[in-house]
Amino acid sequence: MTPTPTPLTPDAVLALAPDAASAQAARKLAAPGKWQNLNTPAGSLWGECQGSGRTPYLTGVDLSGPAQTSPAFKCTCPSRKFPCKHALALLLLRATHADTFGQAAPPATLQTWLDGRAARAAPTSPTTTETAAPDPAAQARRRAAREKKVTAGLDALQTFLKDLIRDGLAHAPARPYSDWDTQAARLVDAQAPGAARLVRQIPDHLHDPAALLSHLTRLYLLTEAWPRRDTLSGEQQADLRAALGFPLDSASVLAGGGIRADWQVMGQSVTEEDTLSTRRTWLVSGDHTALLLDFSAWGRPFPPALPPGAAVQAEVCHAPGTFPQRALLNGEALAVASGPLPAGLTLDALLDRHGAALALNPWLDRTAHLAGPLLVIPGDPWHAQDTTGRLPLSGHGRTLHTLLALSGGHPVTVYAEWNGKTLTPLSVQHEGTLHPFRTVADA
């Protein structure tokens, strides 16, 4: 029998929205009067919403089994956004007007979709099809060829950095943007996209000499560490390869096993660079933190995410590294009741932990922490403050104003990313509940 899924909270539903416009439109549609049918047969939701045409849109949400933490959507509307506003509105209605839902079975087209998903999710029997084993010799040749390209690319980068320092950092802002773009393109050709990304970020620091020098130092450290990689530990080599943009060996990470526990989904953030968007989902279980990364190119939708604010039982496998943070989910995540959260850190302790992490992995972009109680102080910029100090806040204006409103002027505990410059709130503890902020892309 399909278990009855636990309804997502409205905040968790809106966190699934692909953008602010979809969330706003979904709120407007989340009224029973705008729907002709609302039903929740076992493990799913469906309804019909009248649009501008004669035929109402048929919308379905699959919440069956483990997928209840990452629902699947189907709608006959023409929107290319995923999930569309109708699917989000249907989930909002389930969270706010559960008594308006009947138990009628879905129409045939929707039932076919649900049956297909159930069939694909069912355990499959072993097949006799043999998968060709990878050729170790071919793998070694490909690896050597790539490392040769990376070596050449980093040698050229080191020469470029030395020239930059020799000319003087004061002259760096006068350089044309094509200098940075050309160097980044060469690193992409050298199959070192991580280094290319750092080069493209140089213009962001041109008017802050201290930040520019720090950024160039991280780049130079790459060029020094790569030729000495054989002297590094396995974890240090993993950090170096990740910083250079080598792909993660997911199969190996999953094969290594992980931590099966109840994980709290603390929050999400999205950054956009050129045509690539990166979504970070932070999980916490006791003293363990896990960072799930999803990528989307050319505006394509992200895969379904774990809803921020919810708790799941899952096996989380950390990628190797001196400061294990990035992780993969092994199998499906099951919704569970949220447990108590640990006490928040002071800002001083937060900086100590971030510094300790950087001492292990100097290329770490950011860390995330539960910090508080903190006072939220509006201004330009906004700040978070406690008895140990204050740090500048960043994030969407709506997020900061929501945080201030929830705090009511009193200290609050927030879960936030720290990137060495600013603290970005992802969720806040309010009246004993974790409230995630809606995911907004930052450039």
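A brief report on the enclosed structure follows. This is a predicted model, so every value here is computed, not measured.

1. Description of the side chain of S22
Stage number 1. Looking at the element boundaries, S22 is found in helix α2 (residues 20-29).
Stage number 2. S22 sits in the buried class, given a relative accessible area of 5%.
Stage number 3. If we skip the residues at most four places from it in the chain, S22 touches A17, K81, K85 and L88.

2. Concerning the packing of α2 against helix α3 (residues 85-96)
Stage number 1. Contact pair α2 / α3: the axes reach a minimum separation of 8 Å and the direction vectors enclose 55°. One finds that α2 runs oblique with respect to α3. In this structure, α2 meets α3 at a crossing whose hand is right-handed. Taking contact as the criterion, the partners of S22, A25, A26, R27 and L29 in α2 are, on α3, K85, H86, L88, A89, L92 and L93.
Stage number 2. Classifying every residue of the contact of α2 with α3 gives seven nonpolar, two polar and two charged.

3. Re the pairing of strand β15 (residues 433-436)
For a regular strand, side-chain orientation follows a simple rule: the groups alternate between the two sheet faces.
Stage number 1. On β15, burial follows the alternation: L434 and P436 on one face are buried, whereas T433 and H435 on the facing-out side are not.
Stage number 2. Bridge count between strand β14 (residues 423-430) and β15: four bridges; the pairing is antiparallel. The partner of S427 across the bridge, within β15, is P436.
Stage number 3. Joining the antiparallel neighbours β14 and β15 is a turn of two residues, in which E431 adopts a positive phi near 55°.

The rules behind these values
- Residues numbered from 1 in each chain as written.
- Predicted model: local features only at pLDDT ≥ 70, side-chain atom pairs only at ≥ 80, totals over all residues.
- Heavy atoms only, no water.
- Helix = DSSP H or I, 4+ residues; strand = E, 2+ residues; numbered from the N terminus.
- Buried < 20%, exposed > 50% of the residue type's maximum accessible area, 1.4 Å probe, protein only.
- Contact = heavy atoms within 4.5 Å.
- Axes fitted to C-alpha atoms, helices over the stretch in contact; angles between N-to-C directions.
- Parallel < 35°, antiparallel > 145°, perpendicular 65-115°, else oblique.
- Left-handed = near helix turned anticlockwise from the far one by under 90°.
- Nonpolar A, V, L, I, M, F, W, Y, C, P; charged D, E, K, R; others polar.
- Pairing = 2+ DSSP bridges.

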